[in-house]
Amino acid sequence: PPLYPLLLSAFGLVGIDLLVAARWLNVILFGATIYVSGAIPYRLSHSTWLAIALSASVLTMPTLVDVFSGAMSEPIFTFTSAVSVCLLAVYLVEGGHRWLVMSAIAASLAFLSRYTGAALIAAGMSGLLLIHRLPWKQRIRDLLVYGSLSMIPTGIWLLWIYAQSQSPRQLSQSVDFS
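Please read all numbers here as calculations on a predicted model, not as lab measurements.

### Structural notes on the overall build of the protein chain
Move 1: Helices and strands together make up the secondary structure of the protein chain, namely 9 helices and 0 strands.
Move 2: Tracing the protein chain from N to C terminus, the helices and strands come up as α-α-α-α-α-α-α-α-α.
Move 3: Dimensions of the protein chain, computed from C-alpha atoms along their principal axes, come out at roughly 50 × 40 × 25 Å.
Move 4: Counting over 178 residues, the protein chain shows a buried share of 38%.
Move 5: Across the protein chain, every contact between residues at least 6 apart in sequence was considered, and the portion connecting residues at least 24 apart equals 62%.
Move 6: One finds the centroid of the 9 positive side-chain charges in the protein chain at a distance of 14 Å from the centroid of its 6 negative side-chain charges.

### Some points on the side chain of Arg139
Move 1: Relative to the helices and strands, Arg139 is located in helix 8 (residues 136–164).
Move 2: One buried charged side chain, Arg139, makes no salt bridge at all; its nearest oppositely charged neighbour is Asp142, positioned 8.2 Å away.
Move 3: From its side chain, Arg139 meets the backbone oxygen of Leu129 in a polar contact 2.9 Å long.
Move 4: Apart from the residues within four sequence positions on either side, Arg139 is in contact with Leu128, Leu129, Leu130, His132, Arg133 and Leu134.

### Remarks on helix 5 (residues 74–94)
Move 1: Here helix 5 contains 21 residues, and its C-alpha end-to-end distance of 30 Å stays within 8% of the 30 Å for a straight helix at 1.5 Å per residue.
Move 2: At the C-terminal side of helix 5, Gly95 shows a positive phi close to 80 degrees.

### Remarks on the pattern of salt bridges
If the charged atoms of two oppositely charged side chains come close together, the side chains can form a pair.
Move 1: Counted according to the given criterion, the structure contains 3 salt bridges.
Move 2: The residue Arg114 makes a salt bridge to Glu74 at a minimum N-O spacing of 3.7 Å. Of this pair, Arg114 sits in the loop between helix 6 (97–113) and helix 7 (117–130) while Glu74 sits in helix 5; the two residues are 40 residues apart in sequence, bridging distant segments of the chain.
Move 3: Look at Glu74 and you get partly exposed, because its relative accessible area is 24%.

### Focus on the packing of helix 1 (residues 3–13) against helix 2 (residues 18–45)
Move 1: Interhelical geometry of helix 1 versus helix 2 gives an angle of 120 degrees and a closest axis separation of 9 Å. Taken together, the axes of helix 1 and helix 2 are oblique relative to one another. Between helix 1 and helix 2 lies a crossing of right-handed hand. Each of Tyr4, Leu7, Leu8, Phe11 and Gly12 in helix 1 lies in contact with helix 2, whose residues at this interface are Leu18, Ala21, Ala22 and Leu25.
Move 2: Each residue belonging to the contact of helix 1 with helix 2 can be placed in one class, and the counts come to 8 nonpolar, 1 polar and no charged.

### Quick look at unusual backbone geometry
Leave glycine aside and you will find that most residues have negative phi; peptide bonds, for their part, are mostly trans.
Move 1: Unlike most non-glycine residues, His46 shows phi in positive territory, near 60 degrees.
Move 2: Here His46 lies in the loop between helix 2 and helix 3 (48–60).

### A word on a nonpolar patch on the surface
Move 1: Residues Leu13, Val14, Ile16, Val20, Trp24 and Val27 make up a contiguous nonpolar surface patch of about 630 Å² in total accessible area.
Move 2: Here the element with the most residues in the nonpolar patch is helix 2; it accounts for 3 residues.
Move 3: Mapped onto the elements of the fold, Val20 is located in helix 2.

### Some thoughts on the packing of helix 5 against helix 7
Move 1: Orientation of helix 5 relative to helix 7, taken along the N-to-C sense of each, is 5 degrees, at an axis distance of 11 Å. With respect to helix 7, the axis of helix 5 lies roughly parallel. When helix 5 is examined against helix 7, the residues Phe77, Ser81, Ser84, Val85, Leu88, Tyr91 and Leu92 are found in contact with a partner set consisting of Gly117, Leu120, Gly124, Gly127 and Leu128.
Move 2: Residues belonging to the contact of helix 5 with helix 7 are distributed by class as follows: 7 nonpolar, 5 polar and no charged.

Here is what the cut-offs are and how they apply
- Position labels on residues start from 1 in each chain and follow its written sequence.
- Where local features are concerned, this predicted model is filtered to residues with pLDDT of at least 70; where side-chain atom pairs are given and counted, the filter is 80 or more; whole-chain, interface and lining totals use all residues.
- The side-chain numbers reported here are obtained from all heavy atoms of the structure, hydrogens and water having been left aside.
- Helix numbers and strand numbers start at the N terminus; a helix is a DSSP run of H or I with at least 4 residues, a strand a run of E with at least 2.
- For the exposure calls, accessible area comes from a 1.4 Å probe over protein chains only, and a residue counts as buried if that area is under 20% of its type's maximum, exposed if over 50%, partly exposed in between.
- The contact rule is simple, with two residues in contact once any of their heavy atoms fall within 4.5 Å.
- Counted as positive: Lys and Arg. Counted as negative: Asp and Glu. His and the chain ends are not counted at all.
- A charged residue contributes its charge at one atom only: NZ of Lys, CZ of Arg, CG of Asp or CD of Glu.
- Salt bridge, as applied in this entry: a Lys or Arg side-chain nitrogen positioned within 4 Å of an Asp or Glu carboxyl oxygen.
- Polar contact is defined as a pair of N or O atoms within 3.5 Å, subject to the rule that within protein one atom must be able to donate a hydrogen and the other to accept it, and that residues adjacent in sequence are counted only when both atoms are side-chain atoms.
- Helix span is expected to be 1.5 Å times the residue number reduced by one.
- Axes here mean lines fitted to C-alpha atoms, for a helix over just the part in contact, with angles spanning 0 to 180 degrees between N-to-C directions.
- The labels follow the angle: roughly parallel below 35 degrees, roughly antiparallel above 145, roughly perpendicular from 65 to 115, and oblique for the rest.
- Left-handed describes a crossing whose near helix is turned anticlockwise from the far helix by less than a right angle; the clockwise case is right-handed.
- Throughout this entry, Asp, Glu, Lys and Arg are counted as charged residues, while Ala, Val, Leu, Ile, Met, Phe, Trp, Tyr, Cys and Pro are counted as nonpolar. The remaining residues, Gly among them, count as polar.
- Any residue with relative accessible area above 30% and no salt bridge may belong to a patch, with like charges joined within 9 Å and the nonpolar Val, Leu, Ile, Met, Phe, Trp and Tyr side chains within 5 Å.
- The accessible surface values rely on the Shrake-Rupley method and a 1.4 Å probe; as for residues, cover is taken only from the protein chains in view.

The structure is reproduced here in structure tokens:
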């Protein structure tokens, strides 16, 4: 998936060492993930204790600390997934299409960082269809908005890869779906 290499290459273009850039990117993403894990639930529940408990659990989770300490795409995937889920929760509770659009964009970035982000998109679409309290017509409209906004960037990326290949067989060799 292209997002993590593109981010690192942007740092490389301005002359920053890629390992240093990866380290600082992970530090920023870990801090942002901790913030999001407390801020969004606080917005929904107005419970300071819940926000602190959730942020503290993310901060002290050994697996997440390990994930955010390497030069891999998991940190950006974890952050964008958390943002997408939290913003979708805000949309389902408060309404406001800007939350739906921002959630779809975050899901799209998760999909562009790890192809397993497709499961996040499917879960978001399922949530819109099954959990939302709006009439069915509006649920389907929201599902189409969320689905298209979250999948179009990856579709463009895959079409670009296909256009760069000489045959459809090379597409399957140039895309690693792991």
